[in-house]
Amino acid sequence: MIYGHIGSELCRGVYNRKLLKAIDYCKNADAALMHEGRYAMDGEDEREYVVQICERRTGKRREKRPEVHRIYAELQYVLSGREYIGFYPDLGNNEVESDQLVEKDTLYYRENPHSPEQMLAMTKGCYAVFFPEDVHRPFCSMGKGEEEEEIKKIVVKIRL
């Protein structure tokens, strides 16, 4: 898992070409014109990068399902709003709730009381990259009472 801010240039010499391309896409996208849905990344094979705009409401952590992907790494970049994303390593001790690998490269896990889940604070400009070994639980409310909030983000799936 990688956690960073779109304004930092320190990653340029460390990240691979595909990840840098996804970060640059997020940095330069005219997101005001983009709404919920899938988009093509200009000049790129749709099997290599899948771009989604997510306009959602956050919710209670216990109502969000942990998930992993096997073919793609997933960069989640916050355009507006805020959320927590739960994160923990997939140690092979998770029970599959729903297998949607064929349809959308996603396994949803049941709650794992033994996971060392950490909550990542995601605010405007932050991004997190999740690899196949990274369980993540997006769209969790940050408020004390877990009030719902609007959030808009770009999700770029990067084929590994």
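Look up a bit, the structure's there.
Each residue is numbered by its place in its chain's sequence as written, counting from 1. For a predicted model such as this one, the threshold for reporting local features is a pLDDT of at least 70, and the threshold for listing and counting side-chain atom pairs is 80 or more; totals across whole chains, interfaces and linings nevertheless cover every residue. No hydrogens and no water enter the side-chain calculation; it runs on all heavy atoms of the structure.

> When you look at the overall build of the protein chain in this model, what are you seeing that I'm missing?
Helix and strand definitions here come from DSSP, where helices need a minimum of 4 consecutive H or I residues and strands a minimum of 2 consecutive E residues; each element is numbered from the N-terminal end. Within the protein chain, the secondary structure is distributed over 2 helices and 12 strands. Order of helices (α) and strands (β) in the protein chain, N terminus to C terminus: β-α-β-β-β-β-β-β-α-β-β-β-β-β. Relative to its length of 160 residues, the protein chain is compact, with a C-alpha radius of gyration of 15 Å against a globular reference of 15 Å. By the convention used here, residues are in contact when the closest approach between their heavy atoms is within 4.5 Å. A separation threshold of at least 6 residues defines the contact pool for the protein chain, and within that pool the share at least 24 residues apart is 77%. In this description, accessible areas are obtained by the Shrake-Rupley approach with a 1.4 Å probe, and a residue is regarded as covered only by the protein chains that are shown. Carbon and sulfur atoms make up 50% of the accessible area of the protein chain, which amounts to about 8,500 Å² in all. With the radius of gyration taken over C-alpha atoms, the globule rule is written as 2.2 Å times the number of residues to the power 0.38.

> In this structure, what is going on with the side chain of D134? I would like to understand it.
Tracing the backbone shows D134 in strand β11 (residues 134–140). Note on classification: 1.4 Å probe, protein chains only; a residue is buried when its accessible area is under 20% of the maximum for its type, exposed when over 50%, partly exposed between these limits. Counted charges follow a simple rule, with Lys and Arg positive, Asp and Glu negative, and His plus the chain ends left uncounted. Criterion for a salt bridge: a side-chain nitrogen of Lys or Arg within 4 Å of a carboxyl oxygen of Asp or Glu. It turns out D134 is buried and unbridged, and the closest side chain with the opposite charge, R70, is 8.9 Å from it. With sequence-adjacent residues up to four places away left out, D134 is seen in contact with M1, E67, V68, F87, Y88 and V129.

> Just checking my understanding: could you explain the sheet that holds strand β2 (residues 37–39) for this structure?
Across a sheet, paired strands are connected by hydrogen bonds in the backbone, their directions being either parallel or antiparallel. A sheet is described by the order of its strands in space; here 6 strands give the open sequence β1-β10-β5-β12-β3-β2, paired in antiparallel fashion. Two strands lie at the open edges of the sheet, namely β1 (2–5) and β2, each paired on one side alone. Adjacent strand axes in the sheet meet at a mean angle of 20°, parallel and antiparallel pairs treated alike. Sitting on the sheet, helix α1 (residues 17–28) is in contact with β1, β2, β3 (49–57), β5 (72–80), β10 (126–130) and β12 (150–159), with an inclination near 155° to β12. Pairing between two strands is assigned when DSSP locates at least 2 bridges connecting them. A fitted line through C-alpha atoms serves as each axis, taken over the contacting stretch for helices, and the angle formed by two N-to-C directions is quoted from 0 to 180°.

> What exactly am I supposed to notice about unusual backbone geometry here?
A negative phi angle is the norm for most residues apart from glycine, just as the trans form is the norm for most peptide bonds. A positive phi angle, close to 55°, is found at D105, a residue other than glycine. With respect to the secondary-structure elements, D105 resides in the loop between α2 (101–104) and β8 (106–109). A relative accessible area of 6% means that D105 is categorised as buried. Phi at F139 is positive, roughly 70°, even though this residue is not glycine. Mapped onto the elements of the fold, F139 is located in strand β11. When its relative accessible area of 12% is taken as the criterion, F139 is described as buried.

> Could you clarify how one ought to interpret the packing of aromatic side chains in this entry?
For any two aromatic rings, the description comes down to two numbers: the centre-to-centre distance and the angle of the planes. Each aromatic pair joins two rings of Phe, Tyr and Trp (for Trp, the six-membered one) with centres within 6.5 Å, and gets the label stacked for planes under 30 degrees apart, edge-to-face for over 60, and tilted for any other angle. Evaluation of the coordinates by the stated rule reveals 1 aromatic pair. In this scheme, Lys NZ or Arg CZ marks a charge over a ring once it lies within 6 Å of the ring centre and within 35 degrees of the ring normal. Sitting over the ring of Y108, R65 keeps its end group 3.8 Å from the ring centre. Its end group placed over the ring of F139, K153 keeps NZ or CZ at 4.1 Å from the ring centre.

> Sorry, what's going on with the side chain of H136 here?
Tracing the chain through its elements places H136 in strand β11. Looking at H136, the relative accessible area reads 1%, which means it is buried. Between N or O atoms, a polar contact is any pair within 3.5 Å; within protein, one atom must be a potential hydrogen donor and the other a potential acceptor, and residues adjacent in sequence are included only when both atoms are from side chains. Here E74 takes part through its side chain, which lies 3.0 Å from a polar atom of the side chain of H136. Polar contacts involving the side chain of H136 include one to the main-chain carbonyl oxygen of D134, which spans 3.2 Å. In this structure, H136 is in contact with R65, P66, E67, V68, H69, E74, Q76, I85, G86 and F130, ignoring residues within four places of it in sequence.

Any functional reading would require information beyond the geometric quantities listed.
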